[in-house]
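What follows is the residue order along each chain.
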Amino acid sequence: MKALALRNFAPAAALAVALGAFGWAGAANAQQEIKIGYALAPTSHYGVAADKWQEVVEAKSDGRYKFRHFPSSGLGGEREVIEGLQLGTIEATIVSSGTLSNFVPETGIFDIPFLFRDLTHARKVLDGEVGQSILAKFDDVGLVALAWGEQGFRHITNNRNEIDKPEDVAGLKLRTMENPIHITAFETLGAAPTPMAWPEVISALQQGTIDGQENPLSVITSAKLSEVQKYLTLSGHVYSPAMLLVSKQLWEGMSPEDQTIFKDAATEAVAAMRAYVDNVETSGVEQLKKEGMNVSEMTAEQKAAFQKALAPAYEKYYGQYDKATIDKIIATE
Ligand code: PAF
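Cut-offs used in this document
- Residues numbered from 1 in each chain as written.
- Predicted model: local features only at pLDDT ≥ 70, side-chain atom pairs only at ≥ 80, totals over all residues.
- Heavy atoms only, no water.
- Helix = DSSP H or I, 4+ residues; strand = E, 2+ residues; numbered from the N terminus.
- Rg over C-alpha atoms; globule rule 2.2 N^0.38 Å.
- Buried < 20%, exposed > 50% of the residue type's maximum accessible area, 1.4 Å probe, protein only.
- Areas by Shrake-Rupley, 256 points an atom, 1.4 Å probe, with all protein chains shown as cover.
- Near = heavy atom within 4 Å.
- Polar contact = N/O pair within 3.5 Å; in protein donor to acceptor, adjacent residues only side chain to side chain.
- Nonpolar A, V, L, I, M, F, W, Y, C, P; charged D, E, K, R; others polar.
- Core = buried A, V, L, I, M, F, W, Y, C linked by side-chain atoms within 4.5 Å.
- Contact = heavy atoms within 4.5 Å.
- Axes fitted to C-alpha atoms, helices over the stretch in contact; angles between N-to-C directions.
- Parallel < 35°, antiparallel > 145°, perpendicular 65-115°, else oblique.

In the annotation of an unreviewed UniProt entry, the protein chain is listed under the name TRAP dicarboxylate transporter, DctP subunit and assigned to Nitratireductor indicus C115.

Following this line, the structure appears as structure tokens:
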């Protein structure tokens, strides 16, 4: 049985070695499938970005690459998909920063609450030296990070009460991403943070095992959270970046010209994603009110009270991340 398996394996292995030696030049005429997984619907900011990525790559490569989409967590939660890229079973993804700091701890710096003033500030930092140097670190963990995308600023939704002051989140069973920075923040505020992979969130809200969750308007609208959540507090407590990644196997098997096609296409995908976010930031609140959500917007004073309550968390972050880099981010105009 063993001998048979080995005999069957030999020709395949020889072919693989031959193809490897032949390199990307030999594969130039073949069509390669790009499985792209993401957590949200095709009509979301992720779907829009994935469509643009596909459109540009397929056009510029004369159809040598063919995208196959797996939206709505069709390939599993974000952590599983990133691990799939590391294994080479998935070629591409667009993910939130949810689990990224478990792969490259430095990404967590962008998850610090109230770090960015607005979208323009965040985009400037991500596109600048600090953001780009963090993208490069993904190489060390067997991944190729091509660009920072975006979701917007995160806001709190829940079914228990309106949130105006830190005391209002006391004991609130709030789903967070599996993100240590966010978990620390909500623990410090006295909430009961419940880290959970996104595919489980809607049913947990329906069943009442959690009271709420936090996400940007792009997600709250596209995932139809108004159907399962009553209160929306525009807290904007943290900026939510996204990332466009490909597997190392895909990257290293490509010609330098094709690598440039994928990278340039990722930049165009980010532009489409940011345009979607700009749009939903202006139209999303009205839509959610119409869908029946009770919406309240935190004033600057109310946000300052949350920042004050987060003081012990900031102490921890300053121990974890380079203070000079944090100051550089804050000082970016
Ligand atoms: O909350 C999350 O886990 C993320 O923001 C989501 C919705 C999966 C989008 O990446």
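Counting secondary structure elements, the protein chain contains 14 helices and nine strands. Against the globule reference of 20 Å for 333 residues, the protein chain gives a C-alpha radius of gyration of 21 Å, in line with a compact fold. The principal-axis extent of the C-alpha atoms belonging to the protein chain is close to 65 × 45 × 40 Å. A burial count over the protein chain gives 53% of its 333 residues as buried. A total of about 14,600 Å² of accessible surface is found on the protein chain, and carbon and sulfur atoms cover 55% of it.

Another point: the site of the ligand. Every residue close to the ligand is listed here: A39, L40, Y46, E78, S96, Q151, R154, R175, M177, W198, N215 and V219. One of the side-chain N or O atoms of E78 is found 2.6 Å from an oxygen atom in the ligand. The contact in question runs from an oxygen atom of the ligand to an N or O atom on the side chain of N215, over 2.7 Å. Taking 280 Å² as the accessible area of the ligand by itself, protein coverage stands at 98%. Class assignment of the residues belonging to the shell around the ligand gives a composition of six nonpolar, three polar and three charged.

Counting residues in hydrophobic clusters, the biggest one holds 50 residues, and the most contacted among them are W53, I94, V246 and F262. In terms of residue count, helix α11 (residues 256–290) provides more of this core than any other element does, 11 residues in total. Every residue in contact with F262, bar those within four places of it in the chain, is listed here: I34, W53, V57, Y65, F67, L146, V246, L250, W251 and M254. Among the nonpolar cores identified, the runner-up in size contains 49 residues, and V95, V125, A185 and Y317 belong to it.

Below, the discussion takes up the packing of helix α5 (residues 119–127) against helix α6 (residues 129–136). Viewed as axis vectors pointing N to C, α5 and α6 meet at an angle of 50°, and their least axial separation amounts to 4 Å. Compared by their axis directions, α5 and α6 come out oblique. Contacts between α5 and α6 involve V125, L126 and D127 from the former and V130, G131 and Q132 from the latter. Taken together, the residues that form the contact of α5 with α6 break down as three nonpolar, two polar and one charged.

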